[in-house]
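Residue-level structure breakdown
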Amino acid sequence: MAVSCAERGDKDMQEVTFDFRGKNYAVLGASSGIGRQVALELSRAGAGVLAMARSEERLAELKSQCPGTVETAHLDVTSAPDDEWDSILAGFANRQGKLNGAVYTAGITGCTPLKMYDKELAQDMMDISLRGGIQLIHHVSKKKYSAAGASYVIFSSVAAYEGPKGILFYAAAKGAVQSAVRVMSKEISHRDQRINSISPGWIKTEMTASYLESVGANLEDAHAAPLGIGTPEDVSGLVLFLLSDRAGWITGQDFIVDGGYLSTR
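Anyway, here's the lowdown on the structure attached to this text. In this text the structure is predicted, and so the values were computed from the model without any measurement.

1. Remarks on the packing of helix α2 (residues 33-44) against helix α3 (residues 56-65)
Taken N-terminus to C-terminus, the directions of α2 and α3 make an angle of 25°; their axes are 10 Å apart at the nearest point. With respect to α3, the axis of α2 lies roughly parallel. The interaxial crossing formed by α2 with α3 has right-handed handedness. Between α2, through Arg36, Ala39 and Leu40, and α3, the contact on the second element is made entirely by Glu61, Leu62 and Gln65. Per-class residue counts for the contact of α2 with α3 are three nonpolar, one polar and two charged.

Put into C-alpha cells, the structure is as follows:
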C-alpha cells in the first residue's frame, strides 16, 4: 500500500524540518532517485511542487502519494521546444503562483573512455547534465514565472573533482555544470535570485546500479566511503536548505556530499 507524504513525514521524525507553505518549486528529474526524494520532501514541507520528468508512469505514482500538493508534467529536456516549457510553466504559475525555486537532478551516466569515444552517448550526457539544467534556469528565472529571491539547485558530481577513468564525458559535463552555476549566479542576482550546485558521491539509485552492472562492478566493494554508500535522503536535506531563506546569502557555490569519499582518493 502506498504511503502518503504526510505519513512519511510522521515516521521520519527528522531533527531539522522546513516550512515551505505558500511557496512553489519545480523539480526536474522527479520520477526517481534524488529528484523524487526532493519532490516528496518539498511536498511534505507544505510546498506546491511541479514535478517534471520523462516517465509519465512514475510521475503518476509520485502524484498519487502527494495528492493536492504535486502537479506533474511530462518533459524531455533533450527535445522539448521553448513553447512546451512555457506552456508547462505558465499553466503552473496561473494555478499555483510563481515559483520560489527549482531543482535539476536529471542526468545519465555510462562508460565513455577516450579510446572508445561514443559521440552519441557523449552528446546525450552533455545535453542532459548540462544543457538541460541551463534550459531550466533560463525558463524558470523569467520574471513572469518566478518570484524575486528564488533559489535554484543543479546537480554536479564528485566525478568532476576526482576525474575517474572511463567516464570522460560524464565528469566533463558535471565539471561544466559548476562553471555554468558560477556564471548564472551573477546573471540572476539582480532579482536577488540564487543558484548553487551539489556534488554527491556514490548514491544508491537506479542510475548508479545500472552503470555498475554494465561495467561488472559492485557499489559497496568498488566505491566505499568512510561513512558508507549514500542514499537520496543523505542529499535531499542540503537541497531544502539551499532553497530556504536560511541560505539567502549563498550563491554560485558547489557543495560536496559524499560521505568522505573524496578524502580516500
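Having seen the model, we can carry on.
2. Some thoughts on the pairing of strand β2 (residues 48-53)
With respect to burial, β2 is a largely interior element, six of its six residues being buried. Judged by which residues are buried, β2 turns out to be covered on both faces: Gly48, Leu50 and Met52 on one side and Val49, Ala51 and Ala53 on the other are all buried. In this fold, strand β1 (residues 24-28) hands off to α2, which returns the chain to β2; that crossover is right-handed. Of the strand pairs in this sheet, β2 and strand β3 (residues 70-74) are connected by five bridges, and their pairing is parallel. Its bridge partner lying in β3, methionine 52 is registered against alanine 73. Chirality of the crossover, the property in question, places the unit of β2, α3 and β3 among those that are right-handed.

3. Some words on the sheet that holds strand β5 (residues 146-155)
Across the sheet, seven strands lie side by side as β3-β2-β1-β4-β5-β6-β7; this open sheet has parallel pairing. On the outer flanks of this sheet lie β3 and β7 (254-257), each paired with one strand and no other. Here the strands of the sheet are splayed against their neighbours by 20° on average, with no regard to which way each runs.

4. Examining the packing of aromatic side chains
For the coordinates displayed, the defined rule picks out three aromatic pairs. When the centroid spacing of 5.3 Å and the interplanar angle of 75° are considered together, the rings of phenylalanine 20 and tyrosine 25 count as edge-to-face. You'll find phenylalanine 20 and tyrosine 25 in the same group, each marked buried. A network of ring pairs unites the aromatic residues Phe18, Phe20 and Tyr25 as a single cluster.

5. A short note on the nonpolar core
Generally speaking, a soluble globular protein has its nonpolar side chains buried in company with each other. Grouped together as the largest cluster of nonpolar side chains are 39 residues, with contacts concentrated most on Leu28 and Met52. Contributions of two or more residues to this core are made by β1, β2, α4 (82-96), β4 (99-104), α5 (119-140), β5 and α7 (168-187). In contact with leucine 28, other than residues within four places in its own chain, are Met52, Leu75, Val77, Trp85, Val103, Tyr104, Thr105, Ala106 and Leu136.

6. Examining the side chain of asparagine 196
You can see asparagine 196 is positioned in strand β6 (residues 194-200). For asparagine 196, the side chain forms a polar contact with the main-chain nitrogen of glycine 252, separated by 3.2 Å. From its side chain, asparagine 196 meets the backbone nitrogen of glutamine 253 in a polar contact 3.0 Å long. Setting aside residues up to four positions removed in sequence, asparagine 196 forms contacts with Tyr152, Val153, Ile154, Val181, Leu242, Ile250, Thr251, Gly252, Gln253 and Phe255.

7. Considering the environment of glutamate 61
Here glutamate 61 shows up in helix α3. Of the residues examined, glutamate 61 reaches a relative accessible area of 32% and is grouped as partly exposed. The sequence separation of glutamate 61 and serine 31 amounts to 30 residues, and the corresponding C-alpha distance is 8.6 Å.

8. Overview of α5
With 22 residues, α5 extends 30 Å between its outermost C-alpha atoms, agreeing within 8% with the 32 Å of an ideal straight helix rising 1.5 Å per residue. Bending of α5 peaks at approximately 35° at the position of aspartate 127. For α5, the N-terminal capping position is held by aspartate 118, with its side-chain oxygen 3.2 Å away from the main-chain nitrogen of glutamate 120.

9. Details of the pattern of salt bridges
Following the criterion strictly, the structure yields seven salt bridges and no others. The salt bridge involving arginine 21 is made with aspartate 19; its shortest N-O contact spans 2.5 Å. One salt bridge in this structure joins aspartate 86 and lysine 142, with 3.8 Å as the shortest N-O distance. Placement of the pair is aspartate 86 in helix α4 and lysine 142 in the loop between α5 and β5, with a sequence separation of 56 residues.

10. Structural notes on α7
If you check α7, its first and last C-alpha atoms are 29 Å apart, about what 20 residues at 1.5 Å a residue would give, namely 28 Å. Here α7 has its buried residues at Phe169, Tyr170, Ala171, Ala173, Lys174, Val177, Gln178, Ala180, Val181, Met184 and Ser185.

11. Side note on the packing of α5 against α7
Their axes nearest at 9 Å, the elements α5 and α7 cross at an angle of 15°. One finds that α5 runs roughly parallel with respect to α7. For the pair α5 and α7, the sense of crossing is right-handed. In contact with Ala122, Met125, Met126, Ser129, Leu130, Ile134 and Ile137 of α5, α7 contributes Phe169, Tyr170, Ala172, Ala173, Lys174, Ala176, Val177, Ala180 and Met184. When the residues that make up the contact of α5 with α7 are grouped by side-chain class, the tally is 14 nonpolar, one polar and one charged.

So, how was this worked out
Numbering of residues starts from 1 in each chain and follows the order in which that chain's sequence is written. For this predicted model, a pLDDT threshold of at least 70 governs which residues receive local features, and a threshold of 80 or more governs which side-chain atom pairs are given and counted, while totals over whole chains, interfaces and linings are taken from all residues. Values shown for side chains rest on all heavy atoms present in the structure; no hydrogens or waters enter the calculation. Note on geometry: axes are C-alpha line fits, over the in-contact stretch for helices, and angles between N-to-C directions span 0 to 180 degrees. Helical segments are the DSSP runs of H or I of at least four residues, strand segments are the runs of E of at least two, and each set is numbered from the N terminus. By definition in this entry, angles of less than 35 degrees are roughly parallel, angles greater than 145 are roughly antiparallel, angles of 65 to 115 are roughly perpendicular, and the rest are oblique. The sense of a crossing depends on the near helix, which, turned anticlockwise from the far helix by less than a right angle, makes the crossing left-handed and, turned clockwise, makes it right-handed. Contacts are residue-level and defined by heavy atoms, with any inter-residue pair within 4.5 Å sufficient. Residue polarity is assigned by list, with Asp, Glu, Lys and Arg as charged and Ala, Val, Leu, Ile, Met, Phe, Trp, Tyr, Cys and Pro as nonpolar; anything else, Gly included, falls into the polar class. Accessible area is worked out with a 1.4 Å probe on protein chains only. A residue is then buried under 20% of its type maximum, exposed over 50%, and partly exposed in between. With strands facing away from the observer, any crossover in which the path from the first strand over the helix to the second runs clockwise is taken as right-handed. Two strands pair if DSSP finds at least two bridges between them. What counts as a ring pair is set by centres within 6.5 Å for rings of Phe, Tyr and Trp (its six-membered ring), and what kind of pair is set by the plane angle: stacked under 30 degrees, edge-to-face over 60, tilted for all other angles. In this text, buried Ala, Val, Leu, Ile, Met, Phe, Trp, Tyr and Cys residues form a nonpolar core when linked through side-chain atoms within 4.5 Å. Polar contacts, as counted here, are pairs of nitrogen or oxygen atoms within 3.5 Å of one another; within protein the pair requires one atom able to donate a hydrogen and one able to accept it, and residues that are adjacent in sequence qualify only if both atoms are side-chain atoms. One less than the residue count of a helix, multiplied by 1.5 Å, gives the span that helix is expected to have. Two axes enter the bend calculation: one fitted to the seven residues ending at the residue in question, the other to the seven starting there, and the bend is the angle between them. Just to be clear on terms, a salt bridge is a Lys or Arg side-chain nitrogen sitting within 4 Å of an Asp or Glu carboxyl oxygen.

Keep in mind that these numbers describe shape and distance, not what the molecule does.
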